[in-house]
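# Observations on chain architecture
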Amino acid sequence: MKFRKIFIRGSIITVFFVFLVMPNVVSAETITFNETNFLISTTTTNNTPLTSDPASAPAIPDDSTFTLAPNATNTYFSNLQGKFERYNFVLPTGFSNLTFSFRTSVNDLFALYVNGTVVAIQTSSTQTNFEEPLPGFFMNSAGTATDTSGKLEYLLTSGMLPLFQSGANELTLFGRDTILFGGFGPTFGEIIYNTNEPPPPNGVPEPATMLLLGLGLVGMAGVRRFKK
Ligand SMILES: [Ca+2]
């Protein structure tokens, strides 16, 4: 009797301490996207200005307008036409160490918005914009962004990191033509972050989880025997 009491108490205390010493499960997650992952808005513009001033970028159309698949017709701009395309992604609660890289080729100009804020603009129209390195940037986990192409006229070099949020996020790319015709071209993007979220339900159980489960079963068996 005494032994069982001690055993149950011991099990509860052990479980408590295992909880205390169990490290957070931190895993690195990567969101990779390209031009095929964007949806194009049905709203278009005609000869809207776009300068190196982020305030010059046009207002983003309503979320409900981003319905068009990125095919040859929808990614094409007629003379001076502007279009918007959207990539939606989700970040978990408590994400950390987020980095973001983005490169794109637009004929002829573009502005990129993270959750509604303009973070990068390319206003120069030159053949080299369609050659590597494509116009783009990298933001490190300290939130410092650098132009990896030397081809951007505007980059939000600090202050980009707080734009990312837990839950739904959106990247919006505005592109427009300056002569003859244009369109959205190849796009490359990567968002990498750490997460403390539990592993997916079909994942392999970790040793700590197995230990807890085992101790719980032993404890329950102990209680059952004690009640007898
Ligand atoms: Ca053009």
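Here the structure is shown first, and the text comes after it.
The notes below deal with the structure included here. (Residues numbered from 1 in each chain as written. Predicted model: local features only at pLDDT ≥ 70, side-chain atom pairs only at ≥ 80, totals over all residues.)

So, on to the overall build of the protein chain. When you go through the protein chain residue by residue, the secondary structure sums to two helices and 13 strands. Going through the 228 residues of the protein chain one by one, you find that 26% of them count as buried. (Helix = DSSP H or I, 4+ residues; strand = E, 2+ residues; numbered from the N terminus. Buried ≥ 20, exposed ≤ 12 C-beta atoms within 10 Å, placed from the backbone.)

Pairing between the strands of a sheet comes from backbone hydrogen bonds, and it takes one of two forms, parallel or antiparallel. Reading across from one edge, 3-2-5-12-7-8-11 is the order of the seven strands in this open sheet, with antiparallel pairing throughout. Looking at the sheet topology across the chains shown, the edges are occupied by strand 3 (66-68) and strand 11 (154-155). The pairing of strand 2 (residues 39-46) with strand 3 spans two bridges and is classified as antiparallel. Within the sheet, the bridge partner assigned to Ile-40 lies in strand 3 and is Leu-68. (Pairing = 2+ DSSP bridges.)

A few words now on the pairing of strand 9 (residues 136-139). The two faces of a sheet get side chains in turn, since along a regular strand they alternate between them. With four bridges connecting them, strand 6 (residues 96-107) and strand 9 associate as antiparallel partners. If you follow Phe-102 over to strand 9, its bridge partner there is Phe-137. As judged from the three bridges shared by strand 9 and strand 10 (residues 145-147), these two strands associate in the antiparallel manner. Each bridged residue has a counterpart across the sheet, and for Phe-137 the counterpart in strand 10 is Asp-147. Linking strand 9 back to strand 10 in an antiparallel pair, the connection comprises five residues, with Gly-143 at a positive phi of about 90 degrees.

The omega torsion across Asn-107 and Asp-108 is 20 degrees, close enough to zero to call that bond cis. Turning to its location among the elements, Asp-108 is positioned in the loop between strand 6 and strand 7 (109-114). Note that the residue after Glu-132, namely Pro-133, is joined by a cis bond; omega there is -5 degrees. Counting through the fold element by element, Pro-133 comes out in the loop between strand 8 (117-122) and strand 9. Residue Asn-47 is not a glycine yet carries a positive backbone phi of 55 degrees. Assignment of secondary structure puts Asn-47 in the loop between strand 2 and strand 3. We note that Leu-180 has phi near 70 degrees; this positive angle belongs to a residue other than glycine. Within the secondary structure layout, Leu-180 lies in the loop between strand 12 (167-176) and strand 13 (181-195).

Looking now at the pairing of strand 5 (residues 81-91). In this structure, strand 2 lies alongside strand 5, joined through five bridges in antiparallel fashion. Bridge assignment links Thr-45 to a residue of strand 5, and that residue is Gly-82. Bridge count for strand 5 against strand 12 is ten bridges, and the pairing is antiparallel. By the bridge assignment, Glu-85 is partnered in strand 12 with Leu-173.

Turning next to the environment of Tyr-154. Among the secondary structure elements, Tyr-154 is positioned in strand 11. Looking at Tyr-154, the number of C-beta atoms within 10 Å reads 21, which means it is buried. Spatially, the C-alpha atoms of Tyr-154 and Pro-54 are 7.5 Å apart, while their sequence positions differ by 100 residues. The residues contacting Tyr-154, other than those within four sequence positions of it, are Ser-52, Pro-54, Ala-120 and Ile-121. (Contact = placed C-beta atoms within 7 Å.)

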